[in-house]
Amino acid sequence: RVFVLILSYNGIHLLDECISSYLSNDYANYELVVIDNGSSDGSKDYIERKWSNVFVLRTNVNLGYSGGMNFGLDFAFHERNADFALVTNNDVLVDKGLIKALVNTASNYDNVGFVTGKVYFYDKKNVFQTCGKYYDSTFWRGKNIGKYEVDNGQYDEEIELQWCDDIYWLINKNLYFQTGGYDTEFRFESEDFDWQVRAKNAGYKIYYSPLDRKSTRLNSSHGKL
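Residues numbered from 1 in each chain as written. Predicted model: local features only at pLDDT ≥ 70, side-chain atom pairs only at ≥ 80, totals over all residues. Heavy atoms only, no water.

1. Some thoughts on the overall build of the protein chain
Our working definition: Secondary structure elements follow DSSP: runs of H or I no shorter than four residues count as helices, runs of E no shorter than two count as strands, and numbering proceeds from the N terminus. The globule rule is 2.2 Å times the number of residues to the power 0.38, and the radius of gyration it is compared with is taken over C-alpha atoms. Partly exposed describes any residue whose relative accessible area lies between the buried limit of under 20% and the exposed limit of over 50%, with all areas from a 1.4 Å probe on protein chains only and scaled to the type maximum. Contact criterion: two residues are considered in contact whenever any of their non-hydrogen atoms come within 4.5 Å of each other. When charges are counted, Lys and Arg contribute as positive and Asp and Glu as negative, whereas His and the chain ends are disregarded. Where a charge lies is defined by one atom per residue type: Lys uses NZ, Arg uses CZ, Asp uses CG and Glu uses CD.
Helix and strand counts for the protein chain come out as six helices and 14 strands. Against the 2.2 N^0.38 benchmark of 17 Å for 225 residues, the protein chain shows a C-alpha radius of gyration of 16 Å, consistent with a compact globule. Each of the three principal axes of the protein chain carries a C-alpha extent, and together these read 45 × 35 × 35 Å. Scored against the burial criterion, the 225 residues of the protein chain give a buried share of 54%. Partitioning the intrachain contacts of the protein chain with sequence separation of at least 6 by distance along the chain shows that 73% fall at a separation of at least 24. One finds the centroid of the 24 positive side-chain charges in the protein chain at a distance of 3 Å from the centroid of its 31 negative side-chain charges.

2. Quick look at the sheet that holds strand S4 (residues 84-89)
Each strand in a sheet pairs with its neighbour through backbone hydrogen bonds, running either in the same direction (parallel) or in the opposite one (antiparallel). Selection rule: Note: two strands are recorded as paired if DSSP finds a minimum of 2 bridges between them. Angles shown run from 0 to 180 degrees and are taken between the N-to-C directions of axes, each axis being a line fitted to C-alpha atoms and, for helices, limited to the stretch in contact.
Pairing is mixed across the open sheet formed by eight strands, whose spatial order is S3-S2-S1-S4-S12-S6-S13-S11. Among the strands making up the open sheet, the edge pair consists of strand S3 (54-59) and strand S11 (159-161). Here the strands of the sheet are splayed against their neighbours by 25° on average, with no regard to which way each runs. Pairing analysis gives three bridges linking S11 to strand S13 (residues 205-209), with the strands arranged antiparallel. Looking across to S13, one finds that Ile159 is bridged to Tyr208.

3. With respect to the pairing of strand S10 (residues 140-144)
Where strand S9 (residues 133-136) meets S10, three bridges bridge the pair, whose relative direction is antiparallel. Bridged to Tyr135 within S10 is Arg141. What sits between S9 and S10 in their antiparallel hairpin is a turn of three residues.

4. Comments concerning helix H1 (residues 12-23)
Convention followed: One fewer than the residue count of a helix, multiplied by 1.5 Å, yields its expected span. Arc definition: it is the arc formed by the directions from the helix axis to the C-beta atoms.
The end-to-end C-alpha distance of H1 is 17 Å, a good match for the 16 Å that 12 residues give at a rise of 1.5 Å each. Among the residues making up H1, those that are buried are Leu14, Leu15, Cys18, Ile19, Ser21 and Tyr22. Taken down its axis, H1 places every buried residue within 160° of arc, on the same side.

5. Details of the confidence of the model for the protein chain
Put simply, the rule is: What pLDDT reports is the predictor's confidence in each residue, on a scale of 0 through 100.
Model confidence for the protein chain is summarised by a mean pLDDT of 92, while 93% of its residues fall at 70 or above. Within the model, pLDDT remains below 50 along residues 213-225, and this stretch shows 61 contacts once partners closer than five positions in the same chain are excluded.

6. A closer look at the pattern of salt bridges
Which entries qualify depends on this criterion: Counted as salt bridges are all cases of a side-chain nitrogen of Lys or Arg within 4 Å of a carboxyl oxygen of Asp or Glu.
All told, the structure shown has eight salt bridges when counted by the stated rule. Among the salt bridges present, the one from Lys118 reaches Asp151, with a minimum N-O distance of 3.6 Å. Of this pair, Lys118 sits in the loop between strand S6 (112-117) and strand S7 (119-121) while Asp151 sits in the loop between S10 and S11, and the two are 33 residues apart along the sequence. Here Asp156 and Lys118 are joined by a salt bridge, their closest N and O atoms 2.6 Å apart. Within this pair, whereas Asp156 is found in the loop between S10 and S11, its partner Lys118 is found in the loop between S6 and S7, the two being separated by 38 residues in sequence. Here Asp156 falls in the partly exposed class, since its relative accessible area comes to 36%. A network of salt bridges, in which partner residues are shared, links Lys118, Asp151 and Asp156.

Below you can see the structure in the form of structure tokens.
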């Protein structure tokens, strides 16, 4: 059972594409939740009028990226007993096979903490933004794998990653209960890196699912809100 958590702050102009792409997924056992992170643009009312099959969680104030996501993670794992949560953002468009592919990869290995995959630029449909991150001996987390490369099938293998970005990632419930969610001391930046460090110290691993060559596309204006 997967809960897809879309964080949004005053992002009503992005929701049609994002929500529609997730609702087109071919995975049977998932629910879609939008976390309205203290928006003032009428996002909650707009979603509830347009999509009866999308649940809206609303915070009274903007809790930042980490706090807003934790609000949704608590709902998914504590209140709804999800097996996985898919953390994502309101400017992400996904292929219909995304959820199924991530869950399949998570089921193939022991001690899976996070699973992610390909990210393309929104306006360059065949050009990567990231396929994970390299290891760096000084900074630990290095540069994006594949950034600005045209997709010619060079990243089509399922592998363990050293690090990744949380543009979207599938989170195992065991990881959440053992390590907690994001550390809200990191309000807008490095929150994903911090959680990965804690996860790896607890014995969990990060995996990359290649999906297909057009599996997920990211709006180049992506930002954490």
